[in-house]
Amino acid sequence: MRGMDKVPSRLFYVIGLALVALILMLAATWLANIAPAMAVGVTTDGGFSITSHRDGRVYLWNLRERSKQLITNEGNIYSAYAVPGRSAVMWQDTARKVHIQSIDGESLLTFASKHDTYGHLITEDLKTYISSDDGWAIYMGYGPDRTTLKAHNSGNFLGFGKLLNLAYNEGSGVLLSAGDGAPSYGTSEYFSFERQSGLGYMQMDGVTLWSLETLEPIAKLPGNIAKTHATLSPDGQWVVSGDENGNALIWPTSAPDEDHRMMAASYHHGLLDLRSELPRGHPGRWDRSQLIDPPDGVTETTVSVKFIHESRYYLRFGYNSHYAALFEVDNPWPLKYFDLGQRPFPATDSYARNLAIDTAPEAGILVMGQRDGAGILVYQFDPDELTLERVWVGR
Amino acid sequence: MGDLTLGWDRLPLGDTAQLAFTVRDAEEGQRVTIEVLGADDQPVDQFEHQLTKGHGREILTWKPDDQAQADIRILQTAEDDEDPAGPSGLHFHVILNGNHSERSGPLLLTADLEVEHTDTQDKPLPEGTQVTLADAEGKLHVSHADSAGRTRFDKVLIGAVDWVFGSAQAAAETVRIADQRSDPSSHCGCQVLVGAPTIHLKAKHLPPPVMINLRDDAPSAAPQVLSEQELNYFREQGNNALLFVHGYNVPLGSPGQLFARIPHDPGMFVNAREAGWERLSWTTWLDWTTWPATVQQDPEALGQLYPRAANRLTDEALNGIGAHNWRVHMEHQLNRAAGFEGFDRDGGEAYTRILGVAWSGDVLAHDFHRSELNAQRAGRRLVPLLRQLHQAGIKINVITHSLGARVLLTALNILGEHHTDLLDHAFLWQPAVADNALSNSPASDPHPFKVGVFPYAHRAAKQFVVLHTVNDGILGGRFNAGGWARRIMPMPARGAAMRNYNEHTDPLEEAIRDSGGAYPKKWWPMPTAGLGGPLTGLYDEFSPLLAGGVPGYDDPSGGQRRVHSLNWRHLREALLDEMRRYEHLDLTDPDPLPEYHLLSPIATRGVIRKDHVECYLDQLHDLIENRFRVGSAPRSALGHVGFKEIRGQNEFIRDHSAPGGKFAFVEQDDWLFTHGGMKIPSDPLFEEVFKKRIMQQNLLPNSSFGKY
């Protein structure tokens, strides 16, 4: 105590002020940093990532150098997209101009779009551009040559609470769309091609395959219920879908019909035999033989499905869950559950943000937005050990 | 050069009008144009006249052209209702040298008017229904419909007329007059202009609304099934019926009033001498205030059009209160969602009535369990109605809100014992029942009487759609703050500013939510509430059930409480007696359904048997001994968590949420912030649940609503 008399009281004031200043600065940084990513893209080689945030900022991240760079403050929040097969990214600004640029910043292509994009994609050669809007329309191209595959249905984005998810495989020329599954998508005349054709296919909101050549739907892939996300394997051979009722379905694109459809096992109950004659709810309909124990906090309610290794392994992300389930494409059983970490919590908290999860399957890289913060979470998949490790938290 | 003044004197009634006006400083032989105008100031006739003198009074006669078709024009409430409107009859003015004179007083021409009233399904107004017509002079004419729905009114002043039906049960708002569509919220009569001595007019009205009152306090004569007329209505309107069962804490209430007829300024009239026409406000002539509005009116839109009346244009005044308010809003939103674009665009024929169901859910806000008992009673009363529709071959879809789910599930549990797929869809919106309520097994039912699960309910409908949200403050507390970022999804693509949806929350519900929600506390012992309150009330004649002290209340002394053995024996006997009264009933589909009183806490099955009563007695005894405290908490509400918790535990529910199953669970966290938020939905909510989820993804592909 006696030693304290020697410390000038002025010092306390200085320390106090410094603390206050520090707190204010932290608060300011924190406040400025709270716009989470709404869409995330990662380049094919796993080297770069683009994110578009809720406050309009678009960032380009160098995953190897662990740095980031602001591209714009005026971005469309859902527009971040990594161009496949190149070191290039795409985004749209609030004036509806679409920008494709190399990671060096060199502009490769810009064009004006007629609508704000609610999800878009482009091919490696930059020749084919597909985009959706808030009415879950599907457009090919832009400008006067823009053609419509699926007509705008006013209110879909707001009504269903998510974007229409799109995936494209250049090799097969097949476009995949997934929005929301109606229980009778496959059976009701309401959703028949004939009836929908007269409506511009505007109610074909379930998992659907389209031909970019004929601009017509090829097949409906029914079975998912309510909010649905679907993805194509890199080789274009498989469609994998997941919905908010916990169903995940796998189809070969060569035979997209119910006979060839597979259903993933339930995490808690095992594999359900949909063709069983036993009445629904009978335990005999479930095969538990290869079930692994799911940790607490795992949920089948699916917000996104993404391939993580070539066309072999894919991940299923649960709604509001920090776990992802690993599957092999022709195997219905979950192989492993990966804990993505809770601090920061990954962006699985909203179906409208299901674009904030992207992978580079050739490199085994997974990039996710954060639930609360504005940064990204980067993970590396090891196909031999079957591990998924968080390698970086980008802030 | 000339000057005109018009005569103000009333002319005798007849079918020829005398037009009188005074001229000054004109010339004999000078040509003038006479224009006869209607109540809306549009010309009805125009002709030339040569003045007989340059100075003095001119008198001509005019007779409406017999050959002309009756010209009927619908009147809408004037936008600027403060403007002392001109006469509502025919009048004229004179044009001299391009100058218009002032408008004359009314031409008191009369005609006989015959109106043929049919509803939007072309059914005639029931014979004998009284129709009261007010004419431009304010004179009332009464007629009774004949078997073709025709009414006749003699010597009606040509001009604006309006009518009201004598019985709200016979007909609702007029939506079509001649071939013109009329929007009920702004319709205020029509104008009869010219025509033959007898003017024939066809008018269409909406059929009356359908509300089934299953309340405990419903008058004994109140029907609990549909009338033959109502059944026919649904048969012909697409052979389907869409029911809506409201939630907890909703009184019966009363309907609202039509805006066009709410007195804007009662008793206003303009002095004839000064402005040329003596007129009383419509509303003082007919007792419009008792006329219920049966279709929704938009208080905001009307308030903008008529700002001076805006403070009176509340949702309550226009759309009613309680169950009536819910019915009007739901009917409107469902028609909109199915594609209805308004009475002025689609006409009344497309508009389809829903079936509103009222039940006694309105107890004190914290007295949840009592409301649940009421819901069970109402569910039993719903059974005959569902059976009636099913037997008539009418497709049935039901939407429930909150505790209305318990009403429906009780009914479906009873029907499901012997029927499958009675309903096409059951939409359970924020259902206030246990998350395992749809399970087929009462195992893991923490309810002390095992009525948390409705094991047969799933059989009675083809598809169940459960709409849930963690943001429902009544059904449960917030799970985790999870960053306030989550509350403002989804955002429009350009939306950089943080939109604040807090305007949709109700501060009381916020407070309830922050304290964990009301539903999870439904078994908490509380004076007159919890489980003890309703049960001790029910078994009042056997009280006290606990020896010593006041039953149902906590005993601060913590002394030995024992079930009062004598009273308990009497209660036991009474319960078994009640059971015996009905146990002989046919197990398969008892009709009528027994109405249990003392056994009502377990009356979620058709017929209660001895073993059910024995189980109940054990459970009740334990409960009483425990001073009405339940050892466990209720399961989370289905409307709060959906099947998040049950999915991993229950194979049956998981099976039915797989492709081809009966259950679809839809989370709507981002949209629904208050428990009652869906009644007057915000745009996003409307789009989601009604248009997309209910209509597009489920109801229209697999069933139907109206003729949409």
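Residues numbered from 1 in each chain as written. Chains lettered and ligands numbered in written order. Predicted model: local features only at pLDDT ≥ 70, side-chain atom pairs only at ≥ 80, totals over all residues. Heavy atoms only, no water.

## Let's talk about the overall build of chain A
Phase 1: Helix and strand content of chain A: three helices and 31 strands.
Phase 2: Taken over the C-alpha trace, chain A has a radius of gyration of 23 Å; the compact-globule value for 395 residues is 21 Å, and the two agree within 12%.
Phase 3: Considered along the principal axes of its C-alpha atoms, chain A spans approximately 90 × 55 × 40 Å.
Phase 4: Burial analysis of chain A (395 residues in total) assigns 61% to the buried set.
Phase 5: Excluding contacts between residues fewer than 6 apart, the proportion of contacts in chain A whose partners are at least 24 apart in sequence is 47%.
Phase 6: Accessible surface, chain A: about 15600 Å² in total, of which carbon and sulfur atoms supply 51%.
Phase 7: Looking at charge distribution, chain A has the averaged site of its 33 positive side-chain charges lying 9 Å from that of its 45 negative ones. (Helix = DSSP H or I, 4+ residues; strand = E, 2+ residues; numbered from the N terminus. Rg over C-alpha atoms; globule rule 2.2 N^0.38 Å. Buried < 20%, exposed > 50% of the residue type's maximum accessible area, 1.4 Å probe, protein only. Contact = heavy atoms within 4.5 Å. Areas by Shrake-Rupley, 256 points an atom, 1.4 Å probe, with all protein chains shown as cover. Lys, Arg positive; Asp, Glu negative; His and termini not counted. Charge placed at Lys NZ, Arg CZ, Asp CG, Glu CD.)

## As for the nonpolar core
Phase 1: Ranked by size, the top nonpolar core spans 61 residues in total, and within it Leu243(B), Leu355(B), Leu382(B), Leu386(B), Leu389(B) and Leu423(B) carry the most contacts.
Phase 2: Ignoring sequence-local partners within four residues, the contact set of Leu423(B) consists of Leu386(B), Ile396(B), Val398(B), Leu408(B), Leu412(B), Ala460(B), Ala461(B) and Lys462(B). (Core = buried A, V, L, I, M, F, W, Y, C linked by side-chain atoms within 4.5 Å.)

## Notes on the interface of chain A and chain B
Phase 1: Across the contact, 68 residues belong to chain A and 52 residues belong to chain B.
Phase 2: In this assembly, chain A packs against chain B so that about 4700 Å² is buried in total across both faces, 50% of it on carbon and sulfur atoms.
Phase 3: Inspection of the chain A/chain B interface yields five salt bridges.
Phase 4: A salt bridge links Arg280(A) to Asp655(B), with the shortest nitrogen-to-oxygen separation between them at 3.2 Å.
Phase 5: Where the side of chain A that touches chain B is concerned, the elements lending two or more residues are α2 (156–160), β15 (180–181) and β18 (226–232) of chain A.
Phase 6: Per-element tally for the side of chain A that touches chain B: the top contributor is α2(A), with five residues.
Phase 7: Classifying every residue of the side of chain A that touches chain B gives 25 nonpolar, 26 polar and 17 charged. (Buried area = accessible area lost by both parts, 1.4 Å probe. Salt bridge = Lys/Arg side-chain N within 4 Å of Asp/Glu carboxyl O. Nonpolar A, V, L, I, M, F, W, Y, C, P; charged D, E, K, R; others polar.)

## Notes on the sheet that holds strand β11 (residues 138–140) of chain A
All names here are of chain A.
Phase 1: Taking strand neighbours across the sheet as the criterion, the four strands line up as β9-β10-β11-β12 in an open arrangement whose pairing is antiparallel. Each end of this open sheet is capped by a strand with a single partner; those strands are β9 (120–122) and β12 (147–150). Strand-to-strand, the axes of this sheet are offset by a mean angle of 20°, without reference to chain direction.
Phase 2: In this structure, strand β10 (residues 129–132) lies alongside β11, joined through three bridges in antiparallel fashion. Within the sheet, the bridge partner assigned to Ser131 lies in β11 and is Tyr139. (Pairing = 2+ DSSP bridges. Axes fitted to C-alpha atoms, helices over the stretch in contact; angles between N-to-C directions.)

## Notes on helix α5 (residues 323–338) of chain B
Because the α-helix completes a turn every 3.6 residues, residues three or four places apart line up on one side.
Residues and elements named next belong to chain B.
Phase 1: Helix length check: α5, at 16 residues, gives a terminal C-alpha distance of 22 Å against a target of 22 Å (1.5 Å per residue), a fit within 8%.
Phase 2: A large share of α5 lies buried, amounting to 14 of its 16 residues.
Phase 3: Gly339 occupies a position one or two residues after α5 and carries a positive phi of about 125°. (Expected span 1.5 Å × (residues − 1).)

## A short note on the domain arrangement of chain A
Phase 1: Here the domain parsing of chain A yields domain 1 (1–34) and domain 2 (114–352 + 382–394).
Phase 2: Spacing between the C-alpha centres of domain 1 of chain A and domain 2 of chain A amounts to 52 Å. (Domains from an automatic or database assignment.)

## Regarding the sheet that holds strand β14 (residues 174–178) of chain A
The strands making up a sheet associate through backbone hydrogen bonding, with each pair oriented either parallel or antiparallel.
Residues and elements named next belong to chain A.
Phase 1: In spatial order, the strands read β13-β14-β16-β17; together these four strands make up an open sheet with antiparallel pairing. The outermost strands of the open sheet, each flanked by one partner alone, are β13 (165–169) and β17 (217–220). When strand polarity is set aside, the average angle formed by the axes of neighbouring strands in this sheet is 20°.
Phase 2: The pairing of β14 with strand β16 (residues 208–211) spans four bridges and is antiparallel. Paired with Ser177 across the two strands is Thr208, which belongs to β16.

## Some details on the environment of Arg215(B)
All names here are of chain B.
Phase 1: One can find Arg215 in the loop between β18 (210–213) and α1 (228–236).
Phase 2: Take Arg215: its relative accessible area is 7%, and that puts it in the buried class.
Phase 3: Sequence-wise, Arg215 and Ala375 are 160 residues apart; in three dimensions their C-alpha atoms are separated by 9.5 Å.
Phase 4: Dropping the residues within four chain positions of it, Arg215 is found in contact with Val250, Pro251, Leu252, Ala358, Trp359, Ser360, Asp362 and Arg381.
Phase 5: A polar contact of 3.0 Å, which involves the side chain of Arg215, links it to the side chain of Asp362. (Polar contact = N/O pair within 3.5 Å; in protein donor to acceptor, adjacent residues only side chain to side chain.)

## Brief notes about the pattern of salt bridges
Opposite charge on two side chains allows them to pair when their charged atoms are near.
Phase 1: For the structure on display, the rule yields 40 salt bridges over all chains.
Phase 2: Salt-bridge contacts for Arg285(A) lead to Asp655(B); the nearest nitrogen and oxygen are separated by 2.6 Å. Taken as a pair, Arg285(A) in the loop between β22 (271–272) and β23 (286–287) and Asp655(B) in helix α13 (residues 651–656) lie in two separate chains rather than in one. Of the two residues examined, Arg285(A) and Asp655(B), each falls in the buried class.
Phase 3: In this structure, the salt-bridge partner of Glu228(B) is Arg235(B), at a minimum N-O distance of 3.7 Å.

## Observations regarding a nonpolar patch on the surface
Residues and elements named next belong to chain A.
Phase 1: Together, Leu11, Tyr13, Val14, Ile15, Leu19, Leu22, Ile23, Met25 and Leu26 line one region of the surface with nonpolar side chains, adding up to about 930 Å² of accessible area.
Phase 2: Considering the arrangement of structural elements, one finds Ile15 in helix α1 (residues 9–32).
Phase 3: You can call Ile15 partly exposed: its relative accessible area is 42%. (Patch = residues over 30% accessible without salt bridge, like charges linked within 9 Å, V, L, I, M, F, W, Y side chains within 5 Å.)

## Here's the deal with the packing of helix α10 (residues 565–582) of chain B against helix α11 (residues 610–625) of chain B
Residue and element names in this part refer to chain B.
Phase 1: The geometry of α10 relative to α11 is characterised by a closest axis approach of 10 Å and an angle of 155° between their N-to-C directions. Here α10 lies roughly antiparallel to α11, going by the angle between them. Judged by the twist between their axes, the crossing of α10 over α11 is right-handed. Where α10 approaches α11, its residues Trp568, Leu571, Arg572, Leu575, Leu576 and Met579 are matched on the opposing element by Lys610, Val613, Glu614, Tyr616, Leu617, Leu620, His621 and Ile624.
Phase 2: For the contact of α10 with α11, the per-class residue count stands at 10 nonpolar, one polar and three charged. (Parallel < 35°, antiparallel > 145°, perpendicular 65-115°, else oblique. Left-handed = near helix turned anticlockwise from the far one by under 90°.)

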